[in-house]
Amino acid sequence: EFRDAYAYVIPGYDVQGEIDYLMVRRRAGCVRRGKDGVHKHLYVGDIERGLGKIYNSCRLIDDSSVVFIVESWTDALSLEEIGIPAVAMNRVANCQTVLKPLLEKHIAMARDKEYVVMCDSDNIGVAATRDISDMIEELGLRCRSVCPYPGRVKDANEWLVADRQDFEVSMRCIVEGA
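Every residue gets a number counted from 1 within its own chain, in the order that chain's sequence is written. Totals for whole chains, interfaces and linings use all residues, but because this is a predicted model, local features are given only for residues with pLDDT of at least 70 and pairs of side-chain atoms are given and counted only at 80 or more. Hydrogen atoms and water are omitted, and side-chain values are computed over all heavy atoms in the structure.

Student: Can you help me understand the overall build of the protein in this one?
Tutor: Along its length, the protein carries 8 helices and 7 strands. Partly exposed describes any residue whose relative accessible area lies between the buried limit of under 20% and the exposed limit of over 50%, with all areas from a 1.4 Å probe on protein chains only and scaled to the type maximum. With 178 residues in all, the protein has 44% of them scored as buried. Should any heavy atoms of two residues lie within 4.5 Å, those residues are counted as being in contact. Nonlocal contacts in the protein, meaning residues at least 24 apart in sequence, comprise 60% of its contacts between residues at least 6 apart. Surface exposure of the protein reaches about 9,400 Å², of which carbon and sulfur atoms provide 50%. Counting from the N terminus, the helices are the DSSP runs of H or I reaching at least four residues and the strands are the DSSP runs of E reaching at least two. Note that accessible areas follow from Shrake-Rupley with a 1.4 Å probe, and for residues the cover is restricted to the protein chains shown.

Student: How should I be thinking about the packing of aromatic side chains in this particular structure?
Tutor: Aromatic rings in a pair are described by how distant their centres are and how their planes are angled relative to each other. In this scheme Phe, Tyr and Trp rings, the latter by its six-membered ring, pair at centre separations within 6.5 Å, and the angle between planes marks the pair as stacked below 30 degrees, edge-to-face above 60, and tilted otherwise. What the rule picks out here adds up to 2 aromatic pairs. Judged by centre distance (6.0 Å) and plane angle (70 degrees), the rings of Tyr149 and Trp159 are edge-to-face. Of the two residues, Tyr149 is situated in the loop between β7 (142-145) and α7 (156-162) and Trp159 in helix α7; the sequence distance between them amounts to 10 residues. Exposure remark for Trp159: the relative accessible area of 2% places this residue in the buried category. Measuring from centroid to centroid gives 5.5 Å for Trp159 and Phe167, while their planes differ by 65 degrees, and the two rings are edge-to-face. As far as burial versus exposure is concerned, Trp159 and Phe167 are alike and both buried.

Student: Hey, could you run me through the packing of helix α4 (residues 94-105) against helix α6 (residues 123-138) in this one?
Tutor: In a packed pair of helices, the relevant descriptors are the angle between the two axes and the axis-to-axis distance. Across the interface, α4 lies against α6 with an axial gap of 11 Å and an inter-helix angle of 30 degrees. One way to sum up the angle between α4 and α6 is to call them roughly parallel. Of the two elements, α4 crosses α6, and the hand of that crossing is right-handed. Residues Cys95, Gln96, Leu99, Lys100 and Leu103 of α4 pack against Asp131, Ile132, Met135 and Ile136 of α6. Note on method: axes are straight lines fitted to C-alpha atoms, helices fitted across the in-contact stretch only, with angles between N-to-C directions ranging 0 to 180 degrees. Put simply, angles under 35 degrees are roughly parallel, angles over 145 are roughly antiparallel, angles from 65 to 115 are roughly perpendicular, and the rest are oblique. Should the near helix be turned anticlockwise from the far one by less than a right angle, the crossing is left-handed, and should it be turned clockwise, the crossing is right-handed.

Dropping the structure here:
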C-alpha cells in the first residue's frame, strides 16, 4: 500500500546543487484527512531538513539573471517546467530564518540577480510577498513583487494546470520586464 500511495519522490537541492533531502508525495486520491495521521508528504530524514529549508535553493546563486521566489515546491516546479528558475519557501517563516541568511552568505552572487517574489494570492501569500520583498530590498538586492493571477487562480501551480499557455506567456512577460 505504501508504494501505491506514496508515488512521487521530489528531491530538494541545497545551494551547491546537491540533493539535500527527499520529499515523498502521496497520490491525490490517497490523501485522507482526520485523526489517522496520514500526511500528504513524507520527508526522508529529519522533517526540519525539508520544511526548514528553501526548495531548490541552488537557484538563489546560480547563473540565471532572474529567479522567482514562491511559496510552495509545486509552484517552483511549475515555473521550472516552463524554463523559469524558481525557489520555494516551503513555509513563510523561512523568509527570515532561512532565506535571509542564505542571501547574506552569498550576497556577492545574489547581487547579480533580480528576484521576483510571487507568493499565493490569499491573505497569507500577499503578506508573505510584502515581507519577502522588503527583506530582499533591505539587503540591497534587486527585487520585484507581482501578483498576476487571473480569476480564482491562487498560485502558480493552479495557473499552470488551468491554462498552461496563458501561464507561460504571462511569466515570460514578467521575466522580460525584469
